[in-house]
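Residue-level structural notes
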2 protein chains.
Amino acid sequence: MTRTSIGILGAGQLGRMLAISGAQLGFKIELLHDEDSPCAGEVASYQKASLSDEQTIKAFAAKHSVTTAEFENVPLSVLSWASESGKLFPPPPAFAVAQDRLLEKELAQKLGIKTPRFAPVSSLAELESAFASLGAGKFVLKTRSLGYDGKGQARINAASEIAAAWTSIGERPAILEEFFPFESEVSCIVARSTRGEIKAYDLCQNTHQSGILVKTSVEPNHPLQLAAVAVVEKVLSKLNYSGVLTVEFFVKNGELYFNELAPRVHNSGHWTIEGAETSQFENHLRAILGLPLGSTKIRGNKVEMLNILGTAPKLEEVLKEENLHLHLYGKEERPGRKIGHLTKIYW
Amino acid sequence: MTRTSIGILGAGQLGRMLAISGAQLGFKIELLHDEDSPCAGEVASYQKASLSDEQTIKAFAAKHSVTTAEFENVPLSVLSWASESGKLFPPPPAFAVAQDRLLEKELAQKLGIKTPRFAPVSSLAELESAFASLGAGKFVLKTRSLGYDGKGQARINAASEIAAAWTSIGERPAILEEFFPFESEVSCIVARSTRGEIKAYDLCQNTHQSGILVKTSVEPNHPLQLAAVAVVEKVLSKLNYSGVLTVEFFVKNGELYFNELAPRVHNSGHWTIEGAETSQFENHLRAILGLPLGSTKIRGNKVEMLNILGTAPKLEEVLKEENLHLHLYGKEERPGRKIGHLTKIYW
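Right, let's walk through the structure included here. (Residues numbered from 1 in each chain as written. Chains lettered and ligands numbered in written order. Predicted model: local features only at pLDDT ≥ 70, side-chain atom pairs only at ≥ 80, totals over all residues. Heavy atoms only, no water.)

Some thoughts on the overall build of chain A
Along the backbone of chain A there are 11 helices and 17 strands. The globule rule puts the C-alpha radius of gyration for 347 residues at 20 Å, and the 20 Å found for chain A is close to it. If one aligns the C-alpha atoms of chain A with their principal axes, the spans along those axes are about 65 × 50 × 40 Å. Counting over 347 residues, chain A shows a buried share of 59%. (Helix = DSSP H or I, 4+ residues; strand = E, 2+ residues; numbered from the N terminus. Rg over C-alpha atoms; globule rule 2.2 N^0.38 Å. Buried < 20%, exposed > 50% of the residue type's maximum accessible area, 1.4 Å probe, protein only.)

Here it is, written out as structure tokens:
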């Protein structure tokens, strides 16, 4: 039997958890990125290469059974080179959409999915007319690309703040969005295999602080489960998607509003390692290899995931608690940095 | 915080699963062995070195927070060099005992633990008198050291077979044991930390074929659970042991008879990865680091582990079954070789 080998673009904690998951199934894993000592490089082969090295990227994708990516902002050129192999999943258009807040919202709109009010902005004049046209409310101006964790964004509560906001985001192509008065945030993580099989995890209830996920809580039978999965299925189908896809929603008055999507395993799905029958990492690999998907059933009555930011907890304290599972990514401590997570299962 | 680093002597599948388990807790893992491409080298740093290179072994143990071993027959010289660091667990005497079938049985006897009848043999004359003295029954002659999976053994059913048996085991120091008419075989896996904390897993019911473990089955509340743990605790205490220790027993008429011990995580404990709250691998690492041990509670009503020998199963078939967890070790297929295992949880 020829050994299955998986190429992963990127080598952060998501790559680390994908690699561990793939190793358990006996796959050969190789990661590629441009960092010196990325945390995933500790648990699998790691090839350091420039992401602008076309030949290396092509050779990398060509030699593996399949290639995937563990970070959202893979340059589209890299995806294009890798996809020449015919073995890159998810498909590049999913990344193109995920990397552009305007394309994301427009895709949702096109599919008849509710979103917060929004308008495209490519100049100060357009920003002014967008602000005037969107109606009453508070707004947030976001660059279309490469903003994350609260960067590249500016609040606009009044017309007088428009010019400063435009300057503060660097006068880059942007989207003006209603600052959405949500009651809660949920994410829906769904795997779709290259054979079209689909399995969804239970909805994740997420808590952010300063734009960073701090906590995910999951209970079976969320009232919006079916509605959310129906939305994600539309997106999967439209993008002809294979792999794990995550869609984040706002919830208001019992309704879902599309916020954004991630063409990959997701921080809000880390609970699935111990909290679900099959983890999002294993199901992503199964999906892109065209293997049967594993059960996504939750274990226990409730699962909570807490991100560990900045500083590792005292192992003596954490490890003595029952049903609490610690994950550290081997990353150096640094204020605010995601260096691990804890998963608590309530039986 | 200084990063915890763990040195592992050996780099087979036990090392691979230890390394994966340690990586999830954020530990830095390094394996050392003399093979070119051992399967654990895929998931952690690997140092190839001769096991007779004293300086390398000493330096290896000195630089890690703790050092442990993943195979039983680590040369005692290697253990002696590594233990100069003061950070080698389990302690070398546990290996000395495990590597010698006679010392093993004598230890049990000294502790008042029932064993099959046995007698030491160091010459043909001694073998003859041992055979005469042990009474009626069938017997097996085993070399004291370095026999495993049925090698280095010869059956003796009658006095006429004595000479041939002595020749067939190479006339090496041996032990003559009653060929024990057991009803079943169980193993008891217990973790003891450097702080003296002890946690035991549920008894594993084992099935061997041709001396190789093929299946382990575990259900809570085995009637011999307490008796088995009491025996293992005596051994742990006598050996001043830290880490996971496995003791294999025969069962006859509802009583336990000591068979052998392994100073390490054990094939019959692979079910603990998905089938217990904390795996034997994680608990071994916690134990040798002096961290609180994790719960050893079984998940579900029953767990079964099947070894995969020789040939990998068709992934399409295996992965479509619910509650079945596949592990492959990245080893080449070869007749009879342990290349993976399956764990089935019955909820």
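Things to note about the pairing of strand β8 (residues 174-178) of chain B
Residues and elements named next belong to chain B. The buried fraction of β8 is high, at 5 of 5 residues. On β8, burial covers both faces: A174, L176 and E178 on one face and I175 and E177 on the other are all buried. Looking at chain direction, strand β5 (residues 118-121) and β8 are connected through 4 bridges and run antiparallel. Residue F118 lies in a different strand from β8, and its bridge partner there is E177. Inspection of the sheet shows strand β6 (residues 139-143) paired to β8 by 5 bridges, in the antiparallel sense. The residue of β8 that forms the bridge with T143 is A174. (Pairing = 2+ DSSP bridges.)

Some points on the side chain of B:R286
Positionally, B:R286 belongs in helix α10 (residues 280-288). When its relative accessible area of 3% is taken as the criterion, B:R286 is described as buried. With near-sequence residues (within four places) excluded, B:R286 lies in contact with A:L319, B:T278, B:L291, B:P292, B:L293 and B:G294. (Contact = heavy atoms within 4.5 Å.)

Comments concerning the interface of chain A and chain B
Contacts between chain A and chain B engage 39 residues on the former and 38 residues on the latter. With both chains or domains summed, chain A and chain B bury close to 3400 Å², and 53% of this area falls on carbon and sulfur atoms. Salt-bridge contacts for B:E42 lead to A:K28; the nearest nitrogen and oxygen are separated by 3.7 Å. Summed over the shared surface of chain A and chain B, the number is 12 residue pairs in polar contact (both at pLDDT 80 or more). Here the residues of the side of chain A that touches chain B sort into 17 nonpolar, 8 polar and 14 charged. (Buried area = accessible area lost by both parts, 1.4 Å probe. Salt bridge = Lys/Arg side-chain N within 4 Å of Asp/Glu carboxyl O. Polar contact = N/O pair within 3.5 Å; in protein donor to acceptor, adjacent residues only side chain to side chain. Nonpolar A, V, L, I, M, F, W, Y, C, P; charged D, E, K, R; others polar.)

Description of the relation of the copies chain A and chain B
Relative to chain B, chain A is turned by 180 degrees and slid 0.0 Å along the rotation axis, the superposed coordinates differing by an RMSD of 0.0 Å. This pairing of chains is accounted for by a two-fold axis. For chain A, the smallest separation between a C-alpha atom and the rotation axis is recorded for A:V43, amounting to 2.1 Å. Interface overlap between copies is the fraction of interface residues in one copy that are interface residues in the other; for chain A against chain B it reaches 97%, indicating a shared surface. (Least-squares fit on C-alpha atoms with pLDDT ≥ 70 in both.)

Describing the packing of aromatic side chains
Residue and element names in this part refer to chain A. Under the definition given, this model contains 11 aromatic pairs over all chains. Summarising the aromatic geometry, the rings of F180 and F250 are spaced 5.3 Å apart at their centres and angled 20 degrees between planes, so their arrangement reads as stacked. On the criterion of sequence distance, the pair formed by F180 in the loop between β8 (174-178) and β9 (184-192) and F250 in strand β13 (residues 243-252) is long-range, its members being 70 residues apart. Relative accessible area serves as the criterion here: at 6%, F180 is assigned to the buried category. (Phe/Tyr/Trp six-rings, centres within 6.5 Å; stacked < 30°, edge-to-face > 60°.)

Describing the packing of helix α2 (residues 54-63) of chain A against helix α3 (residues 76-83) of chain A
Residues and elements named next belong to chain A. At a closest axis distance of 8 Å, the pairing of α2 and α3 adopts a crossing angle of 45 degrees. Our classification of the angle between α2 and α3 gives oblique. In the crossing of α2 with α3, the sense of the turn from one axis to the other is right-handed. In this structure, α2 contributes E54, I57, K58 and A61 to the contact, and α3 contributes V78, W81 and A82. A breakdown of the residues in the contact of α2 with α3 according to their chemical character gives 5 nonpolar, no polar and 2 charged. (Axes fitted to C-alpha atoms, helices over the stretch in contact; angles between N-to-C directions. Parallel < 35°, antiparallel > 145°, perpendicular 65-115°, else oblique. Left-handed = near helix turned anticlockwise from the far one by under 90°.)

Let's talk about the packing of helix α1 (residues 13-24) of chain A against helix α1 (residues 13-24) of chain B
Axis separation between α1(A) and α1(B) bottoms out at 11 Å; the angle between their running directions is 160 degrees. Regarding the angle of α1(A) to α1(B), the classification is roughly antiparallel. Viewed along their axes, α1(A) and α1(B) form a crossing whose handedness is left-handed. Contact with α1(A), carried on its side by A:R16, A:I20, A:A23 and A:Q24, involves B:R16, B:I20, B:A23 and B:Q24 of α1(B) and no other residues of that element.

Here we look at the pattern of salt bridges
What the rule picks out here adds up to 42 salt bridges over all chains. Here the salt bridges do not stand alone but share partners, grouping A:R3, A:K28, B:R16 and B:E42 into one network.

Thoughts on the environment of B:Q280
Residues and elements named next belong to chain B. With respect to the helices and strands, Q280 occurs in helix α10. When its relative accessible area of 0% is taken as the criterion, Q280 is described as buried. Taking C-alpha positions, Q280 is 9.4 Å from S21, a pair spaced 259 residues apart along the chain.

Describing the sheet that holds strand β1 (residues 5-9) of chain B
Residues and elements named next belong to chain B. Pairing is parallel across the open sheet formed by 4 strands, whose spatial order is β3-β2-β1-β4. Both edges of this open sheet fall to β3 (45-48) and β4 (66-69), since each of them pairs with a single strand only. Taking the axes of each pair of neighbouring strands and ignoring which way they run, one obtains an average angle of 25 degrees across the sheet.

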